[in-house]
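Geometric and topological summary
This is what each chain is made of:
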Amino acid sequence: MLNSKIPAGKLEEKWIDYKGHCKLVNPANKRKLEVIVIGTGLAGASAAATLGELGYKVKAFCFQDSPRRAHSIAAQGGINAAKNYQNDGDSTFRLFYDTVKGGDYRSREANVHRLAEVSANIIDQCVAQGVPFAREYGGLLSNRSFGGVQVQRTFYAAGQTGQQLLIGAYQALERQVALGNVKMYSRHEMLDVVIVDDKARGIIARDLITGKLERHFGHAVLLCSGGYGNVFYLSTNAMGSNVTAAWKAHKKGAFFGNPCFTQIHPTCIPVSGDHQSKLTLMSESLRNDGRIWVPKKQNDNRKPNEISAEERDYYLERRYPAFGNLVPRDVASRAAKERCDAGYGVGTSKQAVYLDFASAIERYGRIEANKEGKEDASIEQIITWGKEVVKEKYGNLFDMYEKITGENPYETPMRIYPAVHYTMGGLWVDYELMTTVKGMYALGEANFSDHGANRLGASALMQGLADGYFVIPYTIGNYLADEIYNKPISTEHEAFAEAEKNVRERIEKLMNIKGKTSVESFHKKLGKIMWDKCGMARNEQGLKEAIVEIQQLKKEFWNDVRVPGEINEFNPELDKAGRVADFIELGELMCKDALNRSESCGGHFREESQTAEGEAMRNDDLFMHVSAWEYKGESNWDMHKENLEYEVIKPTQRNYK
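Residues numbered from 1 in each chain as written. Predicted model: local features only at pLDDT ≥ 70, side-chain atom pairs only at ≥ 80, totals over all residues. Heavy atoms only, no water.

Broken down by element type, the chain carries 17 helices and 23 strands. Here the C-alpha radius of gyration of the chain, 24 Å, is about what a compact globule of 657 residues would show, namely 26 Å. Along the first, second and third principal axes, the C-alpha set of the chain runs to 80 × 55 × 50 Å. Out of the 657 residues belonging to the chain, those deemed buried represent 60%. Considering only intrachain contacts with a sequence separation of at least 6, the fraction spanning at least 24 residues in the chain is 74%. In the form shown here, the chain has an accessible surface area of approximately 25,500 Å², with 47% of it arising from carbon and sulfur atoms. Of the side chains in the chain, 85 bear a positive and 87 a negative charge, and the two mean positions are spaced by 2 Å. (Helix = DSSP H or I, 4+ residues; strand = E, 2+ residues; numbered from the N terminus. Rg over C-alpha atoms; globule rule 2.2 N^0.38 Å. Buried < 20%, exposed > 50% of the residue type's maximum accessible area, 1.4 Å probe, protein only. Contact = heavy atoms within 4.5 Å. Areas by Shrake-Rupley, 256 points an atom, 1.4 Å probe, with all protein chains shown as cover. Lys, Arg positive; Asp, Glu negative; His and termini not counted. Charge placed at Lys NZ, Arg CZ, Asp CG, Glu CD.)

Right, here's the structure in full:
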């Protein structure tokens, strides 16, 4: 039933061959076709801008007050591309290989190779848009390393790469808005997909300012609405990030792929108390120069600078000497949890480890001293020079850390701990990025396709822009070429009326519960269940308990949630209530998916499946597949499998030692 539409032929020729044979839409016909884009992050903004420039009539929607506020803006460390500027052995194949291996052999080979192929074009595109990438002294674009690789392929703009890339895509989008090729709907949220003759033909959107429901037709619908990490309540995602658009598509027939695959990021500022509503990421780029350690003695309460080098356990360097502090995110996260669980954690909560820049500061300082020809420079002068170099590379990240914690990371090691960051699961898509519903596509983090069970750092921005700039412009034409004969469907069509009626009834139901418990309270309860029983570590008993607890929480929500205000007005609590209701349903599916996948892979550690050394142990005989879930009704799903076939890479037990 699942047709991934992977082209025949050699892996390195599939995308080239596809582009040479896919159907095209001529310019005059493009002007007759309407495309809806949900979300204006890197995937959505780049797709809307590119399709608008090609001549399609595009409608773009975002729930923020401006496309520039999409969560892509929060990405810090960089974007991968196989340009081999460092001449250190990088290549398209090596980026492809690192990505598949980093995902613990649970991603689709053809999609990942295409991603690696177009990566170099992304950098050229962004440079042409004026993205201010860091440069070497000679003018060449600078690169740094990220986890899971042994080359330098990550392009960056200080610690605000996502912001700079989004501004580039936003400028391209706004140009098309000004030309009339794209119509922008900000402060609008998609609340349902309209299906006509088994094809996506439009959406029902809510104007978040007035509360009015609107009908919008499209020959195709592109979901670029990001991930669902906020199902855990505490995550590095923006507080508005949600699963609603993808979930509505799922309930209208789009299969959900690998929902339990969640990215745990190892370098986040630790939880400080119950008052927190989100967590803050410290870029993985800090692991280039920072060294991670804990005291060798359990429950050591001394200040970090009082603990000598001999009394420190640089546990990543000890356990994984080949990669050291630059092991993949899942490996680094699990190692930090293991040390803290064993009693070596630091800080008041004991749920943190140190990220220390003292060695890097001294190393950079000595390099500067050599440049100045001052071999006899004092250690104080060396430290001063070193701090200036580190400030140039990571200054905004250090400033952010100090504002949040009140500690100076130039003087005292940062405290970090793993946290939910990204979701590798998402709507199942084929090679063309189309879901199981014809005419409905999913791009960027909203789909499942490129990262397997663990995403390597700096690959999220790469995937979002690859899908929007270089993939969807070809693949959507292959579908729309057959739609030029179909006239636009009136929004008075019964399918639009029925979809709007269902949306209105659900909103009224939420408003009429008039319970006593806030939406936020239910979200917190869900997050605790998910983190405790479907987080970094999980087991069969805990997952079974979580499913029952979430089903009970759902009943409580629909009987006791309190939503103040009115429907036809600006009402953020009502918006949040709908999103949390969707999160609760998703949480149940995530736990069912995790229960079904009784293996450890990537960041998904089943306690029953581990090696003698405590590493994740896959079961390729039973689980070398994508789990694609079909919605069949309340608390009821059917699972379909897409078997993963590796023609080029031979799956092996990952080894970063």
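On the secondary structure map, Gly240 appears in the loop between strand 9 (220-223) and helix 7 (244-251). Relative accessible area serves as the criterion here: at 24%, Gly240 is assigned to the partly exposed category. As for Gly240 and Arg153, which are separated by 87 residues in sequence, their C-alpha atoms are 31 Å apart. With residues near it in sequence (within four places) discarded, Gly240 still touches Phe63 and Arg579.

Here we take up the domain arrangement of the chain. According to the domain assignment, the chain contains domain 1 (265-420) and domain 2 (494-617). Here the C-alpha centroids of domain 1 and domain 2 sit 34 Å apart. Facing 10 residues of domain 1, the contacting portion of domain 2 comprises 11 residues. Between domain 1 and domain 2 the total buried area reaches about 800 Å² when both faces are included, carbon and sulfur atoms providing 58% of it. (Domains from an automatic or database assignment. Buried area = accessible area lost by both parts, 1.4 Å probe.)

This part covers the pattern of salt bridges. Applying the stated rule across the entire model yields 56 salt bridges. Two residues, Lys5 and Glu432, come together in a salt bridge whose shortest N-O distance is 3.5 Å. You can see Lys5 sitting in the segment before helix 1 (14-21) and its partner Glu432 sitting in the loop between strand 16 (426-427) and strand 17 (440-442), a full 427 residues away along the chain. By relative accessible area, which is 34% here, Lys5 ends up partly exposed. For Asp532, the salt bridge goes to Lys528, with nearest N and O atoms at 2.8 Å. Of this pair, Asp532 and Lys528 both sit in helix 14 (residues 519-534), 4 residues apart, roughly one helical turn. The exposure class of Asp532 is partly exposed, given its relative accessible area of 44%. By relative accessible area, Lys528 is classed as exposed at 55%. Residues joined by salt bridges that share partners form a network here, namely Asp104, Arg106, Asp330, Arg597, Glu599, Arg618, Asp620 and Arg654. (Salt bridge = Lys/Arg side-chain N within 4 Å of Asp/Glu carboxyl O.)

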